[in-house]
There are 2 protein chains.
Amino acid sequence: MAEAGRTERQTMKTKETVRAAPALPLNTILDGDCVERMRALPDASIDLIFADPPYNLQLKGELHRPDNSRVDAVDDAWDRFDTFATYDAFTKAWLTEARRLLKPHGAIWVIGSYHNVFRLGAELQNQGFWILNDVVWRKSNPMPNFRGKRLTNAHETLIWASKEEGAKYTFNYEALKALNEGVQMRSDWVIPICTGHERLKDEAGDKAHPTQKPEALLHRVLVGTTKPGDVVLDPFFGTGTTGAVAKMLGRDFIGIEREASYRAHAEKRLARVRRFDSDALEVTTSKRGEPRVAFGVLVERGMLRPGEELWSLNGRHKAKVRADGTLVAQDVKGSIHQVGAHLEGAPSCNGWTYWHFRREGQRVPIDVFRQQIRAEMRAG
Amino acid sequence: MAEAGRTERQTMKTKETVRAAPALPLNTILDGDCVERMRALPDASIDLIFADPPYNLQLKGELHRPDNSRVDAVDDAWDRFDTFATYDAFTKAWLTEARRLLKPHGAIWVIGSYHNVFRLGAELQNQGFWILNDVVWRKSNPMPNFRGKRLTNAHETLIWASKEEGAKYTFNYEALKALNEGVQMRSDWVIPICTGHERLKDEAGDKAHPTQKPEALLHRVLVGTTKPGDVVLDPFFGTGTTGAVAKMLGRDFIGIEREASYRAHAEKRLARVRRFDSDALEVTTSKRGEPRVAFGVLVERGMLRPGEELWSLNGRHKAKVRADGTLVAQDVKGSIHQVGAHLEGAPSCNGWTYWHFRREGQRVPIDVFRQQIRAEMRAG
DNA sequence: GCGAAGATTGAATCAATGA
DNA sequence: TTCATTGATTCAATCTTCG
């Protein structure tokens, strides 16, 4: 259907433009270098580009977990660049082609981590792309920081940009609002990393690709910023998450991937994918339980001050709040639960209902602050 | 005290260096241009920099190149280039001074939105700063997107970086873990925007500063990445959130702010702030700071006897204690760590938590003896 | 610079086990 | 058979410090 429409349009073009505008290789995976392959595609032919370029992680030695198992890191040749200058030149080259390929009302998504995303974002701006949002993919199950030397790296960043300032772009506001329980979709998306059945494995049972993206992420991108029938280009196709989700959602895709083994996995995967019935696009939203609130957050927010005294339920014990959200009593320090249990000689203690602060002569349980924070979290 | 120490050191210096190392203007707000003011401060004198640079530079109408030549009216492309170039030059200038001011084990935090954070991050990397994490401040109560044309912009990005690759830095792992319900602090922080009593207002009741940061954000930054007594510099001080939280937490600060009205608000605010009790500022510490204990000391003290058998964590291996504090198993002898690693075929092993002795049918880790000795050392 | 001590993990999937 | 529990495994990682 879409194929026929395109052919018809082509026949109406003049000789000069026909040469510059060959038929698009829709729903196929092109092999080879992404810049070269993009060069062969016609100007202003693509509605959306989703690009997950190498992150240039710069990992050094081996890393082991506390149980001594080895972390299977990204050590592929395609992720190694000598210098930032080399990486920047690579970024500039593929973004230049990407911009040429975009229709005037097209848009681009790129994804990266702190290793590369600042360079991606700066080059997007340098080339005249107009950033619409940066989006944080908050991983519900990230890999921990095993050595305890930094924060757990629990997110990646996406940048969504139109071709230039003032250009139109597709944004399905209501669809995203529906995906978000009836309130505006925010710039932070909580999505689990790709595991389980969705994660492609090779014959040996190892992961087929070190950085396979979850389909839920692409689902949100494509539902939110493309229309059915749009052409989506992924110049770093990998095992084809973009293509798989595009096919499910009734969008056309073009993939470029130079690693033969990734292409093979992607081909097999795409053959299995079925396009959704249009009424099957409803989303399942998982109800979560009440979010956990750390006592320390009350201190950070100034609801309780470091040094302030808390009183036990029965008024017999008191403890002092510390800056990191632990308590210190006469002969013990620890969490609100630990200190309460110790003072009562009990095996456990719910610190939230046990500890009280004083306001105007009254003892008030600290749990009122937790409820307040939860209300804010729900609002957000 | 610190002041005295500095003076003493100065008197020992030669004439040339005295001029370059004046006493630090601790706990004051300097007025004027941040780059000029930073130039007057001595090398390697600051422990932490927190910077919230402007991104809405009012360039329109008086646009000048870095060399101070005026920019003529030009087409959009030139305008765009010059705008970014000017912003980049500004960023480069203040980051260069910032890096010079940092102690070798110092660190920097910068905060920005998608308008400027990619340029900040790229320039940090270009100058040789080593990014430790990017952190997402996820706002629980962001401003909605009224036009429904984009995603609700619900976060800002912070970048935490050390002075260079391999440099030490302060990271209070256990304190942040305590602040997060006992699990590792992640790179996404949920904190409300600054409203209510905390939000400073002018005489007319309007907000005193357009982008006042919440104290909770600075609380987490300073608890997590500074020590009491550290010197914290904020080159874009605004209404002084950094200074206020630093003072509460027993850190020294230096602020730079060119707007007189912001300085006035900050001065009033700082006068109101009370420092927390010093025992409230103590923070849960890591085992890494504890003194080392030789395993042989346990044998010397008779806690374990030569010839006594120890069992591995999983109960599969055993080894015998020798009088010199080494272990001997079937085919290997050496330290508690070496023997454990060998038996498990692991690259390394923490013998303190791996090896257990038997008491009344129970397996108890030898680490309990180490803790006992450490307690004695603290008491003695 | 090198060798050794010793500090360090959260959420989720899936298979095996037991009730 | 079903369900709860336990253990093994895995995830884009710029992941130590002291003598």
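Before reading on, note that the structure itself is shown above.
These lines cover the structure that appears in this document, whether it is placed above or below. Since the model is a prediction, treat every value here as computed from it, not as a measurement.

1. Notes on the sheet that holds strand 9 (residues 309-312) of chain B
All names here are of chain B.
Thinking step 1. Pairing is antiparallel across the open sheet formed by six strands, whose spatial order is 12-11-10-9-13-14. Each edge of the sheet is formed by a strand with only one pairing partner; in this case those strands are strand 12 (333-334) and strand 14 (362-365).
Thinking step 2. Direction of pairing for strand 9 relative to strand 10 (residues 318-321): antiparallel, over a ladder of three bridges. Residue pairing in the sheet places glutamate 309 in a bridge with lysine 320 of strand 10.

2. Here's the deal with the environment of alanine 167 of chain B
Residue and element names in this part refer to chain B.
Thinking step 1. For alanine 167, the position within the fold is in the loop between strand 5 (155-162) and helix 6 (173-178).
Thinking step 2. Residues alanine 167 and histidine 105 lie 62 residues apart in sequence; the distance between their C-alpha atoms is 6.0 Å.
Thinking step 3. Sequence-distant contacts of alanine 167, that is, excluding residues within four places in its chain, are made with Pro104 and Ser162.

3. A look at the packing of helix 8 (residues 241-248) of chain B against helix 9 (residues 260-272) of chain B
All names here are of chain B.
Thinking step 1. The contact between helix 8 and helix 9 brings their axes to 9 Å, and the two run at 15°. Taken together, the axis directions place helix 8 and helix 9 in an arrangement best described as roughly parallel. As for how helix 8 packs across helix 9, the hand of that crossing is right-handed. Contacts from Thr241, Gly243, Ala244 and Lys247 of helix 8 reach helix 9 at Arg269, Leu270 and Ala271.
Thinking step 2. The residue inventory of the contact of helix 8 with helix 9, partitioned by class, reads three nonpolar, two polar and two charged.

4. Considering the pattern of salt bridges
Residue and element names in this part refer to chain A.
Thinking step 1. One pass over the full model with this rule turns up 40 salt bridges over all chains.
Thinking step 2. The partner of lysine 213 in a salt bridge is aspartate 52, with the nearest N and O atoms 3.0 Å apart. Residue lysine 213 is located in the loop between strand 6 (188-191) and helix 7 (215-225), and its partner aspartate 52 is located in the loop between strand 2 (46-51) and helix 4 (84-101); the two are separated by 161 residues in the primary sequence.
Thinking step 3. The buried category is assigned to lysine 213, whose relative accessible area is 7%.
Thinking step 4. Among the ionic pairs, aspartate 188 bridges to arginine 138, the shortest N-O distance being 4.0 Å. Pair noted here: aspartate 188 is in strand 6 and arginine 138 is in strand 4 (residues 130-139), with a separation of 50 residues, a long-range link.
Thinking step 5. Under the relative-accessibility criterion, arginine 138 is labelled buried at 13%.

5. A word on the side chain of aspartate 188 of chain B
Thinking step 1. Residue classification places aspartate 188 of chain B among the buried positions, given a relative accessible area of 8%.
Thinking step 2. A polar atom in the side chain of aspartate 188 of chain B sits 2.8 Å from the side chain of arginine 138 of chain A.
Thinking step 3. Polar contacts involving the side chain of aspartate 188 of chain B include one to the side chain of arginine 186 of chain B, which spans 2.8 Å.
Thinking step 4. Once residues within four sequence positions are removed from consideration, aspartate 188 of chain B is found in contact with Arg138 and Ala154 of chain A together with Val136 of chain B.

6. Focus on the interface of chain B and chain A
Thinking step 1. Every contact between the two is made by 75 residues of chain B and, on the other side, 73 residues of chain A.
Thinking step 2. At the boundary of chain B with chain A, total buried surface from both sides reaches about 6,500 Å², with 50% on carbon and sulfur atoms.
Thinking step 3. Sorting the residues of chain B by area buried against chain A places Phe118, Arg150 and Leu151 of chain B first, and these three jointly supply 12% of that buried surface.
Thinking step 4. At the junction of chain B with chain A, the criterion picks out 37 residue pairs in polar contact (both at pLDDT 80 or more).
Thinking step 5. Here the side of chain B that touches chain A takes nine residues from strand 4 (residues 130-139) of chain B, the largest share from any one element.
Thinking step 6. Tallied by class, the residues present in the side of chain B that touches chain A amount to 40 nonpolar, 18 polar and 17 charged.

7. Quick look at the protein's contact with DNA strand D
All names here are of chain A.
Thinking step 1. Neighbouring residues of DNA strand D: 37 residues in total, closest Gln58, Tyr114, Arg147, Arg199 and Lys207.
Thinking step 2. Looking at DNA strand D alone, sugar and phosphate atoms form 51% of those within 4 Å of the protein.
Thinking step 3. Between a sugar or linking oxygen of DNA strand D and a side-chain N or O atom of histidine 115, the distance comes to 3.2 Å.

What counts and how
- Residues numbered from 1 in each chain as written.
- Chains lettered and ligands numbered in written order.
- Predicted model: local features only at pLDDT ≥ 70, side-chain atom pairs only at ≥ 80, totals over all residues.
- Heavy atoms only, no water.
- Pairing = 2+ DSSP bridges.
- Helix = DSSP H or I, 4+ residues; strand = E, 2+ residues; numbered from the N terminus.
- Contact = heavy atoms within 4.5 Å.
- Axes fitted to C-alpha atoms, helices over the stretch in contact; angles between N-to-C directions.
- Parallel < 35°, antiparallel > 145°, perpendicular 65-115°, else oblique.
- Left-handed = near helix turned anticlockwise from the far one by under 90°.
- Nonpolar A, V, L, I, M, F, W, Y, C, P; charged D, E, K, R; others polar.
- Salt bridge = Lys/Arg side-chain N within 4 Å of Asp/Glu carboxyl O.
- Buried < 20%, exposed > 50% of the residue type's maximum accessible area, 1.4 Å probe, protein only.
- Polar contact = N/O pair within 3.5 Å; in protein donor to acceptor, adjacent residues only side chain to side chain.
- Buried area = accessible area lost by both parts, 1.4 Å probe.
- Near = heavy atom within 4 Å.

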